[in-house]
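Architecture and fold: a report
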Amino acid sequence: MHNEINDQLREKFQKAERVLITAHIRPDGDAIGSVLGLGLALTDKGKQVSMVLKDGIPVSFRHLPGADTIKRKVEGEYDLRVVLDCSDLLRTGDVMDGHIVDINIDHHITNLNFANLNFVDPEAPATSIILARHLTSWGLSINANIAKALLTGIVSDTIGFRTPNVTPETLRVAANLMEYGSNLSDLYTRALVRRSVEAVKYWGAGLTSIQRKGRLIFSTMTLEDRKAAGYPGNDDADLINIMSNLDGVDVTVLFVEQPGGKIKVSWRAQPGFDISKLALSMGGGGHPAAAGVELIGTLAEVQERV
């Protein structure tokens, strides 16, 4: 199956002249690494590439080569539209603006296969790994800058090679990317360890709001919390991954208030639990161990529903 899709992808990438690439809103390291990895590879082949992320790039990833070329809005017309690391079209925001998606490359088990050509590998620990494996078979190549982007994506989505889906092959792919000159220690620190004072102050609000019901914990982060901390993003500053490491907890839920009367819900689960189906039933998606959805309502209403 993958051989046939690879042949089709190679043909599409070779024929395209103007390419639009995007990923999901509130982009994480894998979304950003995937967009940059594919975007820079196509640019090296002489293509006119526009990389667009509705919410821009968090500060922790702005050091990556090419990050300064990513835009928030689409400009111009394209003969190839690509969505990466995104399980459904709504998660891109309004970037596609009703246009048909030509290519969808992703690793989420809840992917809705919304494009004309879908390369979805739920067993891949990150979309960046799919790209690292297949760029050359698509007639593209990897250089030092592309390797940094893809390795960042892998490190981010595996939380530093700690997720249950990490295999020996995952480490081999990472090692191959390091051969291009990527500094794993630096990329790891920037993606997962280094945080701003504002982010940590924002964590404080979420940590003091933790509640427990048996082996489940949940917490909230309000718009007022974000304003008080001075945190510039509209995500949880990665607090969900901190909370999910607490002893005696099987499932972690974090409710993050968004502008416009919406609540971002994030789940994390220990091996043996599958919260992706719950997220999908509410209009979201993700993985068995990590999923999310955005719901309309007040914090109290959304908490009750979840």
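For the structure, check the block above.
Residues numbered from 1 in each chain as written. Predicted model: local features only at pLDDT ≥ 70, side-chain atom pairs only at ≥ 80, totals over all residues. Heavy atoms only, no water.

1. A word on the layout of surface pockets
- A volume near 490 Å³ is recorded for the second largest pocket.
- What lines the second largest pocket is a set of 20 residues, and nearest its centre among them are Ile-25, Arg-26, Leu-90, Lys-262 and Glu-294.
- Counted by class, the lining of the second largest pocket contains 7 nonpolar, 6 polar and 7 charged residues. (1 Å grid on protein atoms, 1.4 Å probe; cavity = no way out; pocket = protein on both sides within 12 Å on 5 of 7 lines; lining within 4 Å. Points joined across faces, edges and corners; volume = space filled by probe spheres on them. Nonpolar A, V, L, I, M, F, W, Y, C, P; charged D, E, K, R; others polar.)

2. Remarks on the side chain of Lys-264
- By the secondary structure assignment, Lys-264 is in strand 9 (residues 262–269).
- With no salt bridge to any partner, buried Lys-264 finds its closest opposite charge in Asp-236, at an N-O distance of 6.7 Å.
- Looking at Lys-264, its side chain comes within polar contact range of the side chain of Ser-266, at 3.0 Å.
- Contact partners of Lys-264, with chain neighbours within four places excluded, come to Arg-26, Leu-254, Phe-255, Val-256, Gln-258, Gly-292, Val-293 and Glu-294. (Helix = DSSP H or I, 4+ residues; strand = E, 2+ residues; numbered from the N terminus. Buried < 20%, exposed > 50% of the residue type's maximum accessible area, 1.4 Å probe, protein only. Lys, Arg positive; Asp, Glu negative; His and termini not counted. Salt bridge = Lys/Arg side-chain N within 4 Å of Asp/Glu carboxyl O. Polar contact = N/O pair within 3.5 Å; in protein donor to acceptor, adjacent residues only side chain to side chain. Contact = heavy atoms within 4.5 Å.)

3. Remarks on the sheet that holds strand 8 (residues 251–258)
- On the basis of which strands lie adjacent, the open sheet formed by 6 strands has the order 6-7-8-9-11-10 and mixed pairing. Each edge of the open sheet is held by one strand with a lone partner, namely strand 6 (211–213) and strand 10 (285–286).
- Lying on the sheet, helix 7 (residues 197–207) is in contact with strand 7 (216–221) and strand 8; it crosses strand 7 at an angle near 125 degrees. (Pairing = 2+ DSSP bridges. Axes fitted to C-alpha atoms, helices over the stretch in contact; angles between N-to-C directions.)

4. What to know about the nonpolar core
- Phe-13, Leu-38, Val-82, Leu-135 and Leu-177 are the most contacted members of the largest nonpolar core, which has 51 residues in total.
- The residues touching Leu-38, leaving out its near neighbours within four places in the chain, are Phe-13, Ile-21, Val-82, Leu-84, Leu-131, Leu-135 and Leu-140. (Core = buried A, V, L, I, M, F, W, Y, C linked by side-chain atoms within 4.5 Å.)

5. As for the pairing of strand 11 (residues 290–296)
- Where strand 9 and strand 11 come together, 7 bridges link them in antiparallel fashion. Each residue of the ladder has a partner; that of Arg-268, found in strand 11, is Ala-290.
- Two strands pair when backbone bridges link them, and strand 10 and strand 11 are joined in this way by 2 bridges, in the antiparallel orientation. Looking at strand 11, one finds that Gly-286 is bridged to Ala-291.
- From the end of strand 10 to the start of strand 11, which pair antiparallel, there are 3 residues.

6. What about the sheet that holds strand 4 (residues 103–106)?
- Read across the sheet, 5 strands follow the order 2-1-3-4-5 without closing on themselves; strand pairing throughout is parallel. Looking at the sheet topology across the chains shown, the edges are occupied by strand 2 (48–52) and strand 5 (117–120). Mean inter-strand twist for the sheet, computed between neighbouring axes without regard to direction, equals 15 degrees.
- Running at roughly 125 degrees to strand 5, helix 1 (residues 2–15) makes contact with strand 3 (80–84), strand 4 and strand 5 of the sheet.
- Taken strand by strand, helix 3 (residues 127–134) contacts strand 3, strand 4 and strand 5, and its axis lies near 110 degrees from that of strand 4.

7. A few points about the packing of helix 2 (residues 29–44) against helix 4 (residues 144–157)
- Packing of helix 2 against helix 4 leaves a shortest axis separation of 7 Å and a crossing angle of 160 degrees. With respect to their mutual orientation, helix 2 and helix 4 come out roughly antiparallel. The chirality of how helix 2 crosses helix 4 is left-handed. From helix 2, Gly-29, Asp-30, Gly-33, Leu-36, Gly-37, Leu-40, Ala-41 and Asp-44 reach across to helix 4, where they touch Asn-145, Ile-146, Ala-149, Leu-150, Thr-152, Gly-153, Ser-156 and Asp-157.
- Taken together, the residues that form the contact of helix 2 with helix 4 break down as 6 nonpolar, 7 polar and 3 charged. (Parallel < 35°, antiparallel > 145°, perpendicular 65-115°, else oblique. Left-handed = near helix turned anticlockwise from the far one by under 90°.)

8. Quick notes on the packing of aromatic side chains
- For the structure shown, the criterion picks out 4 aromatic pairs.
- Ring geometry for Phe-13 against Trp-138: centres 5.6 Å apart, planes inclined by 45 degrees, an arrangement best described as tilted. Of the two residues, Phe-13 is situated in helix 1 and Trp-138 in the loop between helix 3 and helix 4; the sequence distance between them amounts to 125 residues.
- Exposure remark for Phe-13: the relative accessible area of 1% places this residue in the buried category.
- Relative accessible area serves as the criterion here: at 0%, Trp-138 is assigned to the buried category.
- A ring pair is formed by Tyr-202 and Tyr-231, whose centres lie 5.1 Å apart and whose planes are at 25 degrees; its orientation type is stacked. Here the residue Tyr-202 occupies a position in helix 7, and Tyr-231 occupies one in the loop between helix 8 (223–229) and helix 9 (239–243), the gap between them amounting to 29 residues. (Phe/Tyr/Trp six-rings, centres within 6.5 Å; stacked < 30°, edge-to-face > 60°.)

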